[in-house]
Each structure stands twice: as structure tokens, then as C-alpha cells.
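Examining the three-dimensional arrangement
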Amino acid sequence: MLKVGVLGAGHLGKIHLRLLNQSEKYELVGFYDPFKENADKVAAEFGYRKFDTIEELIQAVDVVDIVTPTLSHFDCAKLAIESGKHVFLEKPITTTIEEAETIIALAEKHNVLGQVGHVERFNPAFIAVRPKIENPMFIETHRLAEFNPRGTDVPVVLDLMIHDLDAILSVVKSPVKHVSASGVAVLSESPDIANARVEFENGCVANITASRISMKNMRKSRFFQRDAYISVDYLEKTCEVVKMKEAPETPGDFDLILQNAEGVKKQIYYDNPEVLANNAILDELETFHDAIVNKTTPIVTLDDGTKALRLAYQIIEAFDK
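As annotated in an unreviewed UniProt entry, the chain carries the name Oxidoreductase and is attributed to Myroides marinus.

Here the focus is the overall build of the chain. In terms of helices and strands, the chain carries nine helices and 14 strands. The C-alpha atoms of the chain give 22 Å as radius of gyration, which agrees with the globular expectation for 321 residues (20 Å, within 12%). When the backbone C-alpha atoms are referred to their principal axes, the chain occupies close to 75 × 45 × 40 Å. Within the chain, the proportion of its 321 residues that are buried is 51%. Pairs at least 24 apart in sequence give 68% of the contacts found in the chain among residues at least 6 apart. Accessible surface computed for the chain: about 16000 Å², of which carbon and sulfur atoms make up 50%. Here the chain holds 35 positive side-chain charges and 49 negative ones, and the gap between their average locations is 1 Å.

On to helix α9 (residues 302-318). The end-to-end C-alpha distance of α9, which contains 17 residues, comes to 24 Å, matching closely the 24 Å that a straight helix rising 1.5 Å per residue would cover. Along α9, the positions that sit buried rather than exposed are Leu302, Asp304, Gly305, Thr306, Ala308, Leu309, Leu311, Ala312, Ile315, Ile316 and Ala318. In this fold, the buried residues of α9 make contact with β4 (86-90), α5 (97-109), β5 (114-117), α7 (156-171), β7 (176-184) and β8 (193-200).

Moving on, we come to the sheet that holds β7. Here nine strands make up an open sheet; going across it, the order is β7-β8-β9-β6-β10-β11-β12-β14-β13 and the pairing mixed. Of all the strands in the sheet, just β7 and β13 (256-259) have a single pairing partner and so form its edges. Geometrically, the sheet is characterised by an average inter-axis angle of 15° between neighbouring strands, direction not taken into account. Direction of pairing for strand β6 (residues 138-144) relative to strand β9 (residues 205-211): parallel, over a ladder of seven bridges. Across the sheet, the residue bridging to Glu140 is Asn207, located in β9. Sheet strands in contact with α7 are β6, β8, β9 and β10 (218-225), and its direction is about 155° off that of β9.

Rules used in this analysis
Throughout this description, residue numbers start from 1 for each chain and increase along the sequence as written. Per-residue local features of the predicted model are confined to residues with pLDDT of at least 70, and side-chain atom pairs are confined, for both listing and counting, to 80 or more; whole-chain, interface and lining totals are unaffected and use all residues. Hydrogens and waters are ignored; side-chain quantities use all the structure's heavy atoms. Each helix corresponds to a stretch of at least 4 residues labelled H or I by DSSP, and each strand to a stretch of at least 2 residues labelled E; elements are numbered beginning at the N terminus. Every radius of gyration here is taken over C-alpha atoms, with the globule rule written as 2.2 Å times N^0.38, N being the number of residues. Exposed residues in this analysis have more than 50% of their type's maximum accessible area, buried residues have under 20%, and partly exposed residues fall in between, with area computed by a 1.4 Å probe over protein chains only. Throughout, a residue-residue contact means that at least one pair of heavy atoms, one from each residue, lies within 4.5 Å. Surface accessibility follows the Shrake-Rupley procedure with a 1.4 Å probe radius. Residue values consider only the protein chains on display as shielding. For the purpose of charge, His is not counted, nor are the chain termini; Lys and Arg are scored as positive and Asp and Glu as negative. Charge positions come from single atoms, namely NZ of Lys, CZ of Arg, CG of Asp or CD of Glu. For a helix, the expected span equals 1.5 Å multiplied by the number of residues minus one. Paired strands, in this sense, are two strands between which DSSP finds at least two bridges. Interaxial angle, 0 to 180 degrees, is taken between N-to-C directions of lines fitted to C-alpha atoms, where a helix line uses only the stretch in contact.

Listed below in C-alpha cells is the structure:
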């Protein structure tokens, strides 16, 4: 078991604390939260050990789980890494690309591992269809949420859309060629709704929409590739894979056959994989443990988190063009 400590005991921090306390792979040592009233309340309610300073917590653990506001990610991670500790960073990795690149360099220098909390990579529906996404050429995503004051200190691209940016970059193995986007600030000082069109060098196009002022929640992605259509509902944790193959010479009564203008016949069939229930947050934390112990590459690396952040800023910069 690795000793772990949590920085930040807000909404998500409390979830991390609970799951790490339950985990058989970690020993939860305690947490630090700069807001004394909140720290005292969490310690009293759940019995977790409260540290008085960040430094004390870092020295007491092997792994530092950083679940603080994004603005403090860099300082917390720098302090932990320079103390020789592995770091789990909630998304987005940092506030700026320069900070993220510094974190990568520091981790290499001090020979520690880092992972970024892009939790949708661990969504059971995405895990189920991931092996079937081979060479998507068009991707469409919608991530809509009801208004919540938490997270409105940053544009919706960094708050919500970045989940889909990371998922897309994990399946499209090609550099970004061009980005166009539009965003509108409705209730916040930064855009609350945004749409981006990302073109990749291999010809793939992703059309990505995110909103935090919707009447209902939605988290869906659709991937189109040669002879296949794949959909993922991250919210409902369901997926659908529709494939095409050469039509049999003698179709069965219930076979669905399509014929194109050239007379080529294709059979449509479903290839839906089994979705195995899991706790995505616990899985991302425990796979990070496994990467540390086995000296393997984390599933969502610091470099992955930086690539998603870089694309997010390309989209934000495209708002003004």
C-alpha cells in the first residue's frame, strides 16, 4: 500500500478522501485544506487526519492527490514533486501551458510519476468501446450541464469541454491542423457556451459543443469511421456500435440491408460491447497506484493533460478570430 494525502477538501476532494479511505491499494494518511473552518468540519465529520501545513502532509506520504482550485495546481505539484512525491492532479493539469511543461520537466528530473484526472477515460462506456474506435474521421460531442457556480472562474472550455478534448486526443493519433471556435458569456465573465471545430492533419474533424447553462445534463460523443458508427453516453454509461459488412448473397428475413447508388449492398449489424460497472474515480486513482508500483506509464500522463490544455487554449484563442 502507498501512503497518500489529499490537498483540498472541497466537493471533489471529499469524494477522493472517501474513495482513498476505502481503497485496498492506498493508506490514506490525511488531508490539508487552507480554509480552517472547512478543514475542521471535514476532520470532525469523517475522522480524517487534518494537517496544519502542506509541507507536513507532503513529507508524510508517497503520493499527493491534488484536488485544489486549478490556480493552485502548479504550486502544489511543484512542492510535492521537488520533495520526491508522485502526484495525481485533477484536470485541467495547470492554469497555463508553461506551468504544465514545467511540471513535466520537474517530474522527469525528480524521477516521479504524475497522472491527470481526466475521469471520462475511466467511464465504463468509453472503456467498453475504446478498442473499437480505430480510425475515426468525424467526431461529434455534446457536454451540457445545468448552471453551477463552481467552475465559473474559468471558461467552459477549461471547465467542461476539456473532458472531451482529452478523450478525442486519446483516439485521434494525428496533430491538430486548424481550430475554429465561438463562445458566448451569458451568466459568467467568461464563455458559458462554446462550440469548436478541430481539424486534424489526417483529415479527421471533431465538432465539439459544451455548455454550462443548459436545462438538462448531457454528455454524449459519436465517432464515425469506415464501416462503423460508435456512440458513447458518458452520463447514462451506455454505448452503441453499429457496423457494416458485405451483404450475404442470400439475406435472412431479419437482416438489415442497405444499397448505395453504385449498387453495393451492405449489411447493418450491432456489435455492442458489454459495459462493466465501475467507480471511475476510484479506478483512475488505483491505476495510478499500479503505475507507480509496477513502474509503468500512467493511463492519463502529464503529457496527455498538457496536450488537452494546449488544445483548450487554441480553442479559447480562436474565439476572438
